[in-house]
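# Per-entry structural report
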Amino acid sequence: MSCYRVGFTIGPIYKVFQQATAPVSSWAASYIFSYTMKQLATHVMQTYGEGDGDLLILPYLGFDETGRSIAKESSNLAGIGRYPDRAFFQITTDLTANELKTEIAHCIHETKEDIRQALPGDYLGRDEFVDNELYIEFVIQPSVIRGEPTVKRLNRLLDVAEENAGARLEFAHDYINEIFNAHRNEPFQEIFMDVEQRHNPLALSKDENRGYADISSIAQRINHRDRKASRYYAVVSFDGDSTGKAVEGKEESEVMEFSERIYTFVGDAVDLITSFGGVVLFAGGEDFKCLMPLANASHDRTFIDVCRDINKKFNEVVGAGSDTKLSVSFGVAIAYYKYPLAEAFQQSLDLLDGVAKRQKGKNTMAIHLEKASGQSLTIGFKNDSPLLGKISKEICSLLRDDEKAAEGSEKLLHSFVYRFNELKHLFAIEHASEEHACNLIQNTFDTSEHHGNKVEDHLEFVKDLYRHRTEIRDILTNEGAVDSAASTNGSSAVTMRQERERYVDRISHVLRFIKFFAEKGVNS
């Protein structure tokens, strides 16, 4: 008997995902690949599950060789693509390596036939998609090879296989959109992968006119249609930080336990998102793609609160028993409801990989607001920054305002931004203390025109922004602000002055972001 390690990768997930132009087609794209991995793992376990010492190494999938669930899971997980694009098996067999390759190729063929049968066949591109665009690549290695750990080595080989497979792809048809965009209100779940309509996270109740939720309906879950923010939505991508390092050097049994904890976390995270009014489109391990309203007035919470709860839950569940604190990083792209969904998803990925994940220690939330007018801003914070909670509370406070109070708050916040920039040089004075800066803020706006409802509350919030200014990440340099005494060296003093002025810029960005939630909608 010989023992082999086999790694699989499927795709092209992101190429297909980027084709999607509506939430329901984004869901379809992710679910197709999740279903592919489930069927592939099922065929492999059915074929080799009788051997001695055979096991699925990674990831924990929560089902047996019959495809039946073996784990208690949230009902909200039904219909969500939640299986990742890679899996690793140990196979004990008396076959030679070449014979094993032939059998695995047969498992792949059976998996593709499952996909073909599950997809609607009355659209031109189905066979082209299954035969030429959907790829399932694998690599085989003897289980005992000296050198780097088996899964790490297989991952490296799969990277090469995936790159070669992706380079060969040419999309003949935009199959996903052909099915789900042209007639996206039809109940395709009756023929699509045997998933009932009620199990699709985007499916609306039967008494509603539309079959599936669109971006506009998700955005309006903020419950404030008189505000501009009700026409915007958040695309949130998040991923666990340095999870590979957390299992480095661990025994395979420990790695599998770690993978099982990630599986448990997925259900917890989905519950947090759906209870807020968000929609999960993909939940592959700790790698998530979802849509959220910017706030939920009935819960007095914003998307910021949900992300922070997800980060906390990840450390509690996945990091249980770990020597180090585990975290999640987030890329949040806030876009107008008519903004192309594929571009918003790409923005969120760029924020996640290009900003949040590059911060020292990671554990960062990077937020980009792209307004319909073309104006934009980007802000970033560590997830455990107290300032994030204060910002969320300030937003909720603005959303509780009536129309008149909101109009006053908008004008006041606009005035704050203008005056902050106008007085930037005063905040940059070399020996200015925090007390000096807070007094400057108070005196600047302590005038008759600024007296009135909630002015003092806003002033205290602005002072808090200044007190916590070092927690606002500098997304251009990927660093936090460093507030230290100015050096006697001339060039260092100039650098410190510039740094103090950058504090003001960052605070202005935060104020502009918060002001957005007080702005009046066009149809109010």
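Now for a look at the structure at hand.

Each value, and the rule that gives it
Chains are numbered independently. Their residues run from 1 in the order of the written sequence. Confidence filtering applies because this is a predicted model: local features only for residues at pLDDT of at least 70, side-chain atom pairs given and counted only at 80 or more, and all residues used for totals across whole chains, interfaces and linings. Only hydrogens and water are set aside when side-chain values are computed; all heavy atoms of the structure are taken into account. Each reported salt bridge corresponds to a side-chain nitrogen of Lys or Arg within 4 Å of a carboxyl oxygen of Asp or Glu. Elements are defined by DSSP. Helices are runs of H or I of four residues or more, strands are runs of E of two residues or more, and each kind is numbered from the N terminus. For Phe, Tyr and Trp, where Trp contributes only its six-membered ring, two rings pair if their centres lie within 6.5 Å, and the inter-plane angle classes them as stacked under 30 degrees, edge-to-face over 60, or tilted in between. Partly exposed residues are those whose accessible area sits between 20% and 50% of the maximum for their type, while under 20% is buried and over 50% is exposed, using a 1.4 Å probe and protein chains only. Residues enter a patch when their relative accessible area is above 30% and they make no salt bridge; the linking distance is 9 Å between like charges and 5 Å between nonpolar side chains (Val, Leu, Ile, Met, Phe, Trp, Tyr). Only the protein chains shown count as cover for residues, with accessible areas throughout obtained via the Shrake-Rupley method and a probe of 1.4 Å. His is not counted, nor are the chain ends, whereas Lys and Arg count as positive and Asp and Glu as negative. In this description, the location of a charge corresponds to atom NZ of lysine, CZ of arginine, CG of aspartate or CD of glutamate. Pairing between two strands requires that DSSP report at least two bridges joining them. Note on geometry: axes are lines fitted to C-alpha atoms, helical ones only across the stretch in contact, with angles between N-to-C directions running from 0 to 180 degrees. The contact criterion used throughout is that any non-hydrogen atoms of two residues lie within 4.5 Å. Relative orientations are named as follows: roughly parallel for angles under 35 degrees, roughly antiparallel for angles over 145 degrees, roughly perpendicular for angles from 65 to 115 degrees, and oblique for any other angle. Two helices cross in a left-handed way if the nearer one is turned anticlockwise from the farther one by less than a right angle. They cross in a right-handed way if the turn is clockwise. In the scheme used here, Gly and all other residues not listed as nonpolar or charged are polar, with Ala, Val, Leu, Ile, Met, Phe, Trp, Tyr, Cys and Pro taken as nonpolar and Asp, Glu, Lys and Arg as charged.

## Here's the deal with the pattern of salt bridges
- Inspection of the entire model under this criterion finds 21 salt bridges.
- Note that Asp241 is salt-bridged to Lys357, the shortest N-O span being 2.8 Å. Of the two residues, Asp241 sits in the loop between strand S5 (232-240) and helix H8 (243-246) while Lys357 sits in the loop between helix H11 (341-354) and strand S11 (364-370), which places them 116 residues apart along the sequence.
- One salt bridge in this structure joins Lys371 and Glu519, with 3.1 Å as the shortest N-O distance.

## Quick look at the packing of aromatic side chains
- Taken as a whole, this structure holds twelve aromatic pairs when the rule is applied.
- Aromatic pair Phe8 and Phe138: ring centres 6.1 Å apart, planes at 40°, arrangement tilted. Note that Phe8 is positioned in strand S1 (residues 2-11) and Phe138 in strand S4 (residues 135-142), a separation of 130 residues in sequence.
- The class for Phe8 is buried, based on a relative accessible area of 0%.
- On the basis of relative accessible area, Phe138 is assigned to the partly exposed category, the value being 23%.
- Centroid distance Phe516 to Phe517: 5.4 Å. Interplanar angle 80°. Geometry classified as edge-to-face.
- On the basis of relative accessible area, Phe516 is assigned to the buried category, the value being 0%.
- Given the relative accessible area of 0%, Phe517 is considered buried.

## Section: the environment of Asn439
- By the element assignment, Asn439 lies in helix H15 (residues 434-445).
- Using a relative accessible area of 41% as the deciding quantity, one classes Asn439 as partly exposed.

## A closer look at a negative patch on the surface
- A cluster of acidic residues, Glu251, Glu254, Glu257 and Glu260, forms a negative patch at the surface.
- Looking at where Glu251 falls in the secondary structure, it is placed in the loop between H8 and helix H9 (252-276).
- Judged by its relative accessible area of 55%, Glu251 is exposed.

## Quick notes on the pairing of S11
- In terms of burial, S11 is largely enclosed, as seven of its seven residues are buried.
- Here S11 shows no split at all, with Thr364, Ala366, His368 and Glu370 on one side and Met365, Ile367 and Leu369 on the other all buried.
- Pairing geometry for strand S10 (residues 328-336) and S11, over six bridges, is parallel. By the bridge assignment, Gly331 is partnered in S11 with Ala366.

## Notes on the sheet that holds strand S7 (residues 287-292)
- One open sheet accounts for six strands, arranged S6-S7-S5-S10-S11-S12; its pairing is mixed. Pairing within the sheet leaves two strands with one partner each, and these edge strands are strand S6 (279-284) and strand S12 (376-382). Geometrically, the sheet is characterised by an average inter-axis angle of 10° between neighbouring strands, direction not taken into account.
- In the sheet, S6 pairs with S7 via five bridges, with the strands oriented antiparallel. Its bridge partner being in S7, Val280 is matched across the sheet by Cys290.
- The sheet strands contacting helix H2 (residues 23-48) are S6 and S7, and the helix crosses S6 at an angle near 20°.
- Those strands touched by helix H10 (residues 303-317) are S5, S7, S10 and S11, and its axis lies near 160° from that of S10.

## A word on the pairing of S7
- For S7, a buried count of six out of six residues is recorded, marking the element as mostly surrounded by other parts of the structure.
- Taken together, the five bridges between S5 and S7 define a ladder with antiparallel strand orientation. Across the sheet, Ser237 pairs through a bridge with Lys289, a residue of S7.
- Two successive antiparallel strands, S6 and S7, enclose a turn made up of two residues, where Gly285 displays a positive phi of approximately 70°.

## Re unusual backbone geometry
- Pro12 follows Gly11 through a cis peptide bond whose omega is 5°.
- Positioned with a positive phi, Ser242 is a non-glycine residue whose angle comes to about 50°.
- Mapped onto the secondary structure, Ser242 falls in the loop between S5 and H8.
- Of the residues examined, Ser242 reaches a relative accessible area of 29% and is grouped as partly exposed.
- Positive phi, normally seen in glycine, also occurs at Lys362, with a value near 55°.

## A short note on the packing of H9 against H10
- Contact geometry of H9 with H10 gives a least axis separation of 10 Å together with a crossing angle of 160°. The angle between the axes of H9 and H10 places the two elements in the roughly antiparallel class. For the pair H9 and H10, the crossing hand works out as right-handed. Every residue of H10 that contacts H9 at Arg261, Thr264, Phe265, Asp268, Leu272, Ile273 and Phe276 is listed here: Phe303, Val306, Asp309, Ile310, Lys313, Phe314 and Val317.
- The residue makeup of the contact of H9 with H10, split by class, is nine nonpolar, one polar and four charged.

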